[in-house]
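Each chain, written out:
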Amino acid sequence: MSSTETPMMIEVEPAICSEYCTIAPTTFLSEAIFKMSQTQGNYCDISSPKKKENYIPTRQHISCALVVENDQLIGILTERDLVKLVNTKATFQNTKVKDVMTSPVISLKVEEFTDLFMAYNLMRRHRFRHLPLVNQQNSPVGVVTLGSLRQAFHLGYFLRFRQAEEIMTHQVICANISTSVGELANIMTTQRVSCVVVVENQNNLPIPVGIVTERDIVQFQAMELNLEQLKTEKIMSQPIFSVKPDDSVVIVHQCMTELKIRRLVVTGKNGELLGIITESNLSQLLDPIEIYGILEIFRRRVSQLEKDKAILLQGKGLELQKALENNEFCLYYQPQVNIKTGKIIGVEALVRWLSPEKGMIPPNQFIPVAENTDFIIPLGKWILDQACFQIKQWQELNLPIIPISVNISPRQFCQTDLVTYIKEIIDKTEIDPCYLKLELTESLLVEDVEITLDQFKKLKALGISIAIDDFGTGYASLGYLQHFPFNSLKLDRSFVQNIHQNTKNAAITTAIIKMAHQLDFEVIAEGVETKEECDFLLTHGCKIIQGYLISQPLPITKFNKFMLNFNYFSNSEKSI
Ligand code: C2E
Ligand code: CA
Ligand code: CA
């Protein structure tokens, strides 16, 4: 990583279980179990009370031991390996770890564990719940579990609109209280499930009364009891926690985190069992596009904050106010072109500060300051005024009129009088509102959702269109965004850059374009600089582009000339 790059903000450390246990292959299982339980803390012993208040959460367990010989990782012993023994004659006293462990074991070199996404994908691909980390010498240094990964991701952000129903497993393996534990173990091993829900039939409905996990069985195996004769009732865990199908996944996540449990049941109106949610159900929500988005949002935030801080320190806030009074700001215009028809279909207004002392200052150097002070409000109003007057002027000069996109900062967007203000300028300039488009960033959509939705509706009612700017860097879940009535998505430059060579960007971008079209949003690619990028985008269904390939942002007189003389097809021939 170069020194200018911001370090990855999601730390990998929280995803590693700090406590893990190692054992030798020749250890007897009885000893191995003892060691595992020492590392894992106590079992939770609650017999009857069904109330959450009476529940004492146990520590988060890792439920596995790493098998080590001569300092080398040679296998892993999981609860599943132990449960498999129930139906054999073997006991924990007379069986050694090497006879039941899973070997060879898939592990990850700790140096390669730079990215949670990769660890998660590996676990998902192989359908396992523990991923040992090793050093160069293949000696273990930690374990990643599905639970620890889940904790490390900040899921809350994009779980908001998802419901338990969408992620639960419908086909649950059930047993009743009189099923023998031997039979249960057999079911769990053959079906490869980590738990069974115990139900009781009440009025012809299956009512969940307990849950049996691999851990519950292992606990009794260790006591050398005859499991064939032991009834489920004796070993099941209670209380059983449940959610409703329309509960938000945020609640599921919170519940599992607070109570330190790994499964919840989903019940219907009459308390009947509908499904189950496990940690792997939750983890499956982390699709690659979303993870990429989360990593980006943190990286961006940090770099933005650093920039803001440096600039604020220079005390530029007041200078800006004076600059506005002295009329030192101006708008530059950058065209957006439909490369299929060759027509300019819109233009983005980009603010510039022409300082008499320092020359032209790009917005990245003063917008962050403006956003951190209230200065963005008067500046934003001035920008909106300018854009509307420009549309009016095209009208008056009998020039072609194209929609102008105006960037609206989050702070400006949350102003309650924004809509009233826009309506006033539209009335004053007598322009058709269809020529005004607002560009908003994704981050807006995850904060104050209600206010945002309300503003969106009011703006739509005025006849104004909305574009989501820098798409892909912030939130990146179209499933979530479709709740907002906007018209276009602007694909961020970081995805467009070298898209024809960068396979990761290409995969993300093509997925975004496809989803956007399915949902009926227009896609605009920004920052297109080369013919190769442009061709790639067109081949994959994105026909509207903005970027230096067409033109840099231009002052208005130059832009007007550009617009009148523009011929994409002859231009693009020339640029080859
Ligand atoms: P943005 O909204 O993502 O604007 C696109 C930026 O990419 C512009 O930078 C534009 O000049 C630049 N760009 C366009 N095509 C290319 C290309 O092919 N290659 C490269 N390397 N860059 C390209 P600019 O004008 O410096 O603006 C930077 C940011 O400042 C904008 O990003 C926007 O977030 C903010 N900004 C600009 N004008 C305004 C404004 O009027 N109001 C607000 N609130 N923010 C503004
Ligand atoms: Ca923009
Ligand atoms: Ca942008």
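Residues numbered from 1 in each chain as written. Chains lettered and ligands numbered in written order. Predicted model: local features only at pLDDT ≥ 70, side-chain atom pairs only at ≥ 80, totals over all residues. Heavy atoms only, no water.

Asks: Could you give an account of the overall build of the protein chain, with specific residues and numbers?
Replies: The helix and strand inventory of the protein chain stands at 25 helices and 23 strands. When burial is assessed residue by residue, the protein chain has 53% of its 576 residues classed as buried. For the protein chain, the share of sequence-separated contacts (at least 6 apart) that also reach a separation of at least 24 residues comes to 69%. Here the protein chain displays about 27,100 Å² of accessible surface, and carbon together with sulfur accounts for 50% of that area. (Helix = DSSP H or I, 4+ residues; strand = E, 2+ residues; numbered from the N terminus. Buried < 20%, exposed > 50% of the residue type's maximum accessible area, 1.4 Å probe, protein only. Contact = heavy atoms within 4.5 Å. Areas by Shrake-Rupley, 256 points an atom, 1.4 Å probe, with all protein chains shown as cover.)

Asks: Let's hear about the packing of aromatic side chains: which residues, and what values?
Replies: One pass over the full model with this rule turns up 13 aromatic pairs. Seen in terms of ring centroids, phenylalanine 456 and phenylalanine 484 are 5.6 Å apart; in terms of plane orientation they differ by 55°. Their pairing is tilted. One end of the pair, phenylalanine 456, is in helix H19 (residues 449-462); the other, phenylalanine 484, is in the loop between helix H20 (478-481) and strand S20 (488-491), and 28 residues separate them in sequence. Here the two residues phenylalanine 456 and phenylalanine 484 agree in accessibility, since each one is buried. Put simply, the rings of Phe329, Trp353, Phe366, Phe375 and Trp382 pair up and form one aromatic cluster. Lying across the ring of tyrosine 332, arginine 352 places its NZ or CZ 5.3 Å from the centre. (Phe/Tyr/Trp six-rings, centres within 6.5 Å; stacked < 30°, edge-to-face > 60°. Lys NZ or Arg CZ within 6 Å of the ring centre and 35° of its normal.)

Asks: Explain the sheet that holds strand S11 (residues 242-243) to me, using residue names and the numbers behind them.
Replies: The strand order across the open sheet formed by three strands is S11-S12-S13, and the pairing between neighbours is mixed. Edge positions in the sheet fall to S11 and strand S13 (273-278), since each of these pairs with one other strand and no more. For S11 and strand S12 (residues 263-267), the ladder comprises two bridges, and the chain directions are parallel. If you follow valine 243 over to S12, its bridge partner there is valine 266. In the packing of helix H11 (residues 249-259) onto the sheet, the strands contacted are S11, S12 and S13, and the crossing angle to S12 comes to about 140°. (Pairing = 2+ DSSP bridges. Axes fitted to C-alpha atoms, helices over the stretch in contact; angles between N-to-C directions.)

Asks: Residue-level account of the environment of valine 144, with values.
Replies: The residue valine 144 is located in strand S7 (residues 140-145) in this model. For the pair valine 144 and alanine 119, spaced 25 residues apart in the sequence, the C-alpha separation amounts to 8.0 Å.

Asks: Provide a residue-level description of the site of ligand 1, including the pertinent values.
Replies: For ligand 1, the set of nearby residues contains 21 residues, the closest of which are Gln334, Arg352, Asp469, Glu529 and Tyr548. Contact between ligand 1 and aspartate 469: an oxygen atom at 3.0 Å from a side-chain N or O atom of the residue. Separating an oxygen atom of ligand 1 from a backbone N or O atom of tyrosine 548 is a distance of 2.7 Å. Looking at the shell around ligand 1 element by element, the count peaks at four residues for strand S15 (residues 343-355). In terms of residue class, the shell around ligand 1 is made up of eight nonpolar, six polar and seven charged. (Near = heavy atom within 4 Å. Polar contact = N/O pair within 3.5 Å; in protein donor to acceptor, adjacent residues only side chain to side chain. Nonpolar A, V, L, I, M, F, W, Y, C, P; charged D, E, K, R; others polar.)

Asks: Please set out the nonpolar core residue by residue, giving values where relevant.
Replies: Residues Phe329, Leu384, Ile422 and Leu537 are the most contacted members of the largest nonpolar core, which totals 84 residues. Apart from the residues within four sequence positions on either side, leucine 384 is in contact with Val406, Ile408, Gln412, Leu418, Tyr421, Ile422, Ile425, Leu436 and Leu438. Of all hydrophobic cores here, the second largest spans 33 residues; its members include Ala32, Met188, Val209 and Phe220. (Core = buried A, V, L, I, M, F, W, Y, C linked by side-chain atoms within 4.5 Å.)

Asks: Go over the coordination of the calcium ion (ligand 3), please, and point to the residues and values.
Replies: Here the calcium ion (ligand 3) is held by the protein donor atoms Asp469 (OD), Asp470 (OD), Glu526 (OE) and Glu526 (OE), which lie 2.2 to 2.5 Å from it. Site description for the calcium ion (ligand 3): donor spacing in sequence, D-D-x55-E. A separation of 3.9 Å is found between the calcium ion (ligand 3) and the calcium ion (ligand 2), which are bridged by aspartate 469. Residue aspartate 469 shares its accessibility class with aspartate 470, and that shared class is buried. (Donors = N, O, S within 2.8 Å, 3.2 Å for Na, K, Ca; no water.)

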